[in-house]
Amino acid sequence: MTSRRDSLVAEVDRLRLELQTLQVKTGTENVTIGSYLLTRLAQLGVTAMFGLPGDFNLGFLDLVEDHPQIDWVGNCNELNAAYAADGYARIKEGSLGVVTTTFGVGELSAINGIAGAFSEMVPVLHIAGVPSTLQQKTRPLLHHTLGDGRFDAYQKAASLFVIHQAHLTNKSDAASQIDSAITECITKARPVYITLPTDLVYQEISSERLLIPLSPAPPLNDPQTEDFVIDQIHKLVEEAKGDAIVLVDACVIRHGVRKEVAALLEETGFPVYAAPMGKTAVDENYNRYGGIYVGTLTHNTIKEKVENAKLILSIGSLASDFNTGNFSYNIPTQRRIELHSNYIQVQYARFDDIGMKHLLPKLTQRLQHFRSTLEKIEVPPFINKLPEEDNTIISHLWFWPRVGFFFKPKDIIVTETGTANFGILDVPLPADSVLLSQILWGSIGWSVGSCLGAALAARDVGRDRVILFVGDGSIQLTVQELSPMIRKGLKPIIFVLNNKGYSIERYIHGKHRKYNDIADWKWSSLLEALNDGGKHETESFTVNSKHELDNLLNNPSFAAASKIQLVEVIMEPLDAPQSLERQAELTGNGNAYGAKS
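Residues numbered from 1 in each chain as written. Predicted model: local features only at pLDDT ≥ 70, side-chain atom pairs only at ≥ 80, totals over all residues. Heavy atoms only, no water.

Visitor: Give a detailed account of the overall build of the protein, specifying residues and quantitative values.
Guide: Helix and strand counts for the protein come out as 24 helices and 21 strands. Scaling as 2.2 N^0.38, a compact globule of 597 residues should have a C-alpha radius of gyration of about 25 Å, and the protein matches this with 25 Å. Buried residues in the protein amount to 58% of all 597 residues. Put simply, the protein shows about 24200 Å² of open surface, and 50% of that area lies on carbon and sulfur atoms. In the protein, 55 side chains carry a positive charge and 69 a negative one; their mean positions are 3 Å apart. (Helix = DSSP H or I, 4+ residues; strand = E, 2+ residues; numbered from the N terminus. Rg over C-alpha atoms; globule rule 2.2 N^0.38 Å. Buried < 20%, exposed > 50% of the residue type's maximum accessible area, 1.4 Å probe, protein only. Areas by Shrake-Rupley, 256 points an atom, 1.4 Å probe, with all protein chains shown as cover. Lys, Arg positive; Asp, Glu negative; His and termini not counted. Charge placed at Lys NZ, Arg CZ, Asp CG, Glu CD.)

See the structure below:
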């Protein structure tokens, strides 16, 4: 089996690296610490680095700019750079996103984006250029400090939002620290943080470790425990007499088990449904795929199929409020099996350090004889239908199914927190398309920076179209990143949903309050204003009616995405997808302010 072979190779390589750490090397070619770090990133397929220059990282950025494979993107602020690294990592499976900032002021600006990557389990490396090792020891009153000698304050802040930190202080262990940090990042799908002092960037170290690759493959499972778990799952499927379904979620995507899950479904015939964060974890054109399950917010036909099944095989679950209809799953523990990256839960029994990556192929083999029984379970069709409305207004009820017919295979679709995240859920997406959303962390504006990173990664993986849906309120937070999109020759299609403010907040609380209003920008002029002196071709549109939008989506030139395009979509301020309205009501009740607005 490929995954098992890859893990065996990775384990041997890890042992070789540990052995090299203990040995003194002579006669090998030396490289600078900065170059060593860049080579490691290049080996993992990194082709873009996000961030901003600052005097504590400039020497390192010289190496980045001169690197033959890694392109320095250059963002408008560090928060957006972190968002971009997040989006890049989501598309480059098995790789990671990288953001570089300067000490203090830069790294603190990036922390919200890094926290979002931690929350959503995205592998992002944060490199902070910091003062020299001597300055850190003597603690002079440097710029970008708090003025009280606490040079470690920013490290302490960062520690709360990363899974691993590597503070480089000398050249003797720099290589092993870099390797450990990157390995933690790619195997655990979480952000890590490396501080790179100015005086270590050009210190030379042995290059020998670079001959041993780093691998994202997880460690092997204990064979006896794994066999026992598979026996228990097989027994429960047998007892359910084939009345079982699969529910996929975010960690299928984050921990790289799409192929293993697809094989399980193909070989066994399990009906399959997805949680919102698991959308596009499986092919939505697959004939055994039934749609999105969100607890009480689910369409009745899907809700009945999921909740009435005798056994639910949950793969990669991430049970957050917006991902579960405010924790309204009606799936008792005795009818549930959960597969995760680092543990398996079979009813009430939990098996730590048994991961789904290696278990799934063996489980598929064991369960495939149930295929004839499982295939008899009816799955409701998940198809796109355009509702008939006798008016010209672009409603959410009509808009999302209509753009569903515009999508093509291999599209990358990015949706913003709020109406877009909820509106896209019931739209079947084409084969091999990818949906990026930030349902758990939910930082408004994330999608714009993420779109930049995703569009750069799309070039590497052969995907032609990146399509962004963002509200007029959210885009105002991060609109600057349209500038590097244009400067880098990227060609996303950007739909700005102009509904005069923060719709999701209106529905949660303060529907008619001024704090949910925003200034109305001249959206059709944005691309021109941010176009680097008019060097690149851009085009902007405003659509006020169903007819205008329909004509635009039917235009082959527009659909070809041969240049960056922005579409302002005029919508009603108090219109929203039905699922958002219902989720917002649950959220508002949970917040329990007491007073009504």
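There is more to say, and it comes next.
Visitor: Please give an account of helix 3 (residues 58-66) that cites residues and values.
Guide: Those residues of helix 3 not exposed but buried are Phe60, Leu61, Leu63 and Val64. Buried residues along helix 3 cover an arc of 155° about the axis, so they all sit on one side. Residues Glu65 and Asp66 are exposed on helix 3 and point more than 90 degrees away from its buried face. (Arc of directions from axis to C-beta.)

Visitor: So what's going on with the side chain of threonine 101? Which residues, and what values?
Guide: Residue placement: threonine 101 occurs in strand 4 (residues 97-102). Apart from the residues lying within four places of it in its own chain, the contact partners of threonine 101 are Leu52, Asn57, Glu78, Gly106, Glu107, Ala110, His126, Ile127, Ala128 and Gly129. (Contact = heavy atoms within 4.5 Å.)

Visitor: Please provide a residue-by-residue account of the pairing of strand 13 (residues 336-339), values included.
Guide: Here four bridges tie strand 12 (residues 311-315) to strand 13, and the two strands are oriented parallel to one another. Across the sheet, isoleucine 312 pairs through a bridge with arginine 336, a residue of strand 13. Taking the residues that link successive antiparallel strands as the turn, the strand 13-strand 14 (residues 343-346) hairpin has three residues. (Pairing = 2+ DSSP bridges.)

Visitor: I'd love a proper account of helix 24 (residues 578-591), names of residues and values included.
Guide: Across its 14 residues, helix 24 extends 20 Å between first and last C-alpha, which sits within 8% of the 20 Å expected from 1.5 Å per residue. The set of residues buried in helix 24 consists of Ser579, Leu580, Gln583, Ala584, Thr587 and Gly588. The arc enclosing the buried residues of helix 24, seen along the axis, measures out at 160°, which places them on a common side. Those residues of helix 24 that are buried lie in contact with helix 16 (419-423) and helix 20 (503-508). (Expected span 1.5 Å × (residues − 1).)

Visitor: Talk me through the sheet that holds strand 3 (residues 71-72); I want residue IDs and the actual numbers.
Guide: Whenever strands of a sheet pair, they do so through backbone hydrogen bonds, lying parallel or antiparallel. Reading across from one edge, 3-2-4-5-7-6 is the order of the six strands in this open sheet, with parallel pairing throughout. At either end of the open sheet lies a strand with only one pairing partner, and these are strand 3 and strand 6 (164-167). Pairing geometry for strand 4 and strand 5 (residues 124-130), over six bridges, is parallel. Residue pairing in the sheet places threonine 100 in a bridge with isoleucine 127 of strand 5. Contacting strand 5, strand 6 and strand 7 (192-197), helix 8 (residues 174-188) crosses the sheet at an angle of about 160° to strand 6. (Axes fitted to C-alpha atoms, helices over the stretch in contact; angles between N-to-C directions.)

Visitor: Tell me about the layout of surface pockets, and please be specific about residues and values.
Guide: A volume near 860 Å³ is recorded for the second largest pocket. Surrounding the second largest pocket, 33 residues form its lining, His299, Leu397, Pro401, Asp426 and Gln578 being those nearest its centre. Those elements that provide at least two residues to the lining of the second largest pocket are strand 11 (289-292), helix 12 (300-307), helix 15 (396-404), helix 16 and helix 24. With four residues, the single largest contributor to the lining of the second largest pocket is helix 15. Among the residues forming the lining of the second largest pocket, the class breakdown is 18 nonpolar, ten polar and five charged. (1 Å grid on protein atoms, 1.4 Å probe; cavity = no way out; pocket = protein on both sides within 12 Å on 5 of 7 lines; lining within 4 Å. Points joined across faces, edges and corners; volume = space filled by probe spheres on them. Nonpolar A, V, L, I, M, F, W, Y, C, P; charged D, E, K, R; others polar.)

Visitor: Describe the state of the cysteines, naming the residues involved and giving the relevant values.
Guide: The final tally for this structure, using the stated rule, is zero disulfides. Free of any disulfide, cysteine 76 has its nearest cysteine sulfur in cysteine 451, 14 Å distant. Looking at cysteine 76, the relative accessible area reads 35%, which means it is partly exposed. Cysteine cysteine 251 remains unbridged, with the sulfur of cysteine 185 as its closest cysteine sulfur at 15 Å. (Disulfide = S-S within 2.5 Å.)

Visitor: Before we move on, can you summarise the packing of aromatic side chains with the specific residues and values?
Guide: A ring pair, where both rings are aromatic, is described by two values, the distance of the centres and the angle of the planes. For the structure on display, the rule yields 18 aromatic pairs. When the centroid spacing of 5.9 Å and the interplanar angle of 35° are considered together, the rings of phenylalanine 103 and phenylalanine 151 count as tilted. Of this pair, phenylalanine 103 sits in the loop between strand 4 and helix 5 (105-120) while phenylalanine 151 sits in the loop between helix 6 (133-138) and helix 7 (153-159), and the two are 48 residues apart along the sequence. The burial state of phenylalanine 103 is the same as that of phenylalanine 151; both residues are buried. When the centroid spacing of 5.6 Å and the interplanar angle of 90° are considered together, the rings of phenylalanine 541 and phenylalanine 558 count as edge-to-face. Linking phenylalanine 541 in strand 20 (residues 538-543) with phenylalanine 558 in helix 23 (residues 556-559), this pair joins segments that are 17 residues apart in sequence. Assigned by exposure class, phenylalanine 541 and phenylalanine 558 land together as buried. Feature note: the residues Phe399, Trp400, Phe406, Phe407, Phe469, Phe495, Phe541 and Phe558 constitute an aromatic cluster, connected by ring pairs. Here arginine 190 stacks its cationic end above the ring of phenylalanine 118, 4.3 Å away from the centre of that ring. In this arrangement the basic side chain of arginine 350 is found over the ring face of tyrosine 343, its NZ or CZ atom lying 3.6 Å from the centre. (Phe/Tyr/Trp six-rings, centres within 6.5 Å; stacked < 30°, edge-to-face > 60°. Lys NZ or Arg CZ within 6 Å of the ring centre and 35° of its normal.)

Visitor: So what's going on with the environment of proline 573? Which residues, and what values?
Guide: Summarising the element assignment, proline 573 is placed in the loop between strand 21 (564-570) and helix 24. Assessed through its relative accessible area of 33%, proline 573 is described here as partly exposed. When the C-alpha atoms of proline 573 and arginine 506 are compared, they prove to be 9.2 Å apart, with 67 residues separating the residues in sequence.

Visitor: So what about the environment of tyrosine 193? Which residues, and what values?
Guide: Relative to the helices and strands, tyrosine 193 resides in strand 7. Along the chain, tyrosine 193 and leucine 436 lie 243 residues apart, while their C-alpha atoms are 24 Å from each other. In contact with tyrosine 193, not counting residues within four places along its chain, are Glu107, His126, Ala128, Tyr154, Gln155, Ala158, Val162, His164, Gln165, Ala166 and His167.

Visitor: Could you give me a rundown of empty space enclosed by the protein, with the residues and numbers involved?
Guide: Summed over the entire model, instances satisfying the criterion amount to three cavities of 30 Å³ or more. The space that makes up the largest cavity amounts to roughly 130 Å³. Along the walls of the largest cavity sit 19 residues, with Thr417, Gly418, Gly471, Ser474 and Ser503 positioned nearest its centre. For the lining of the largest cavity, the class distribution of residues is seven nonpolar, nine polar and three charged. When its volume is computed, the second largest cavity comes out at roughly 60 Å³. Taken together, Pro276, Phe322, Thr417, Gly418, Asn421, Phe422, Leu425, Ile439 and Ile504 form the lining of the second largest cavity. When grouped by side-chain class, the residues that make up the lining of the second largest cavity number six nonpolar, three polar and no charged.

Worth remembering: the numbers are spatial, not functional.
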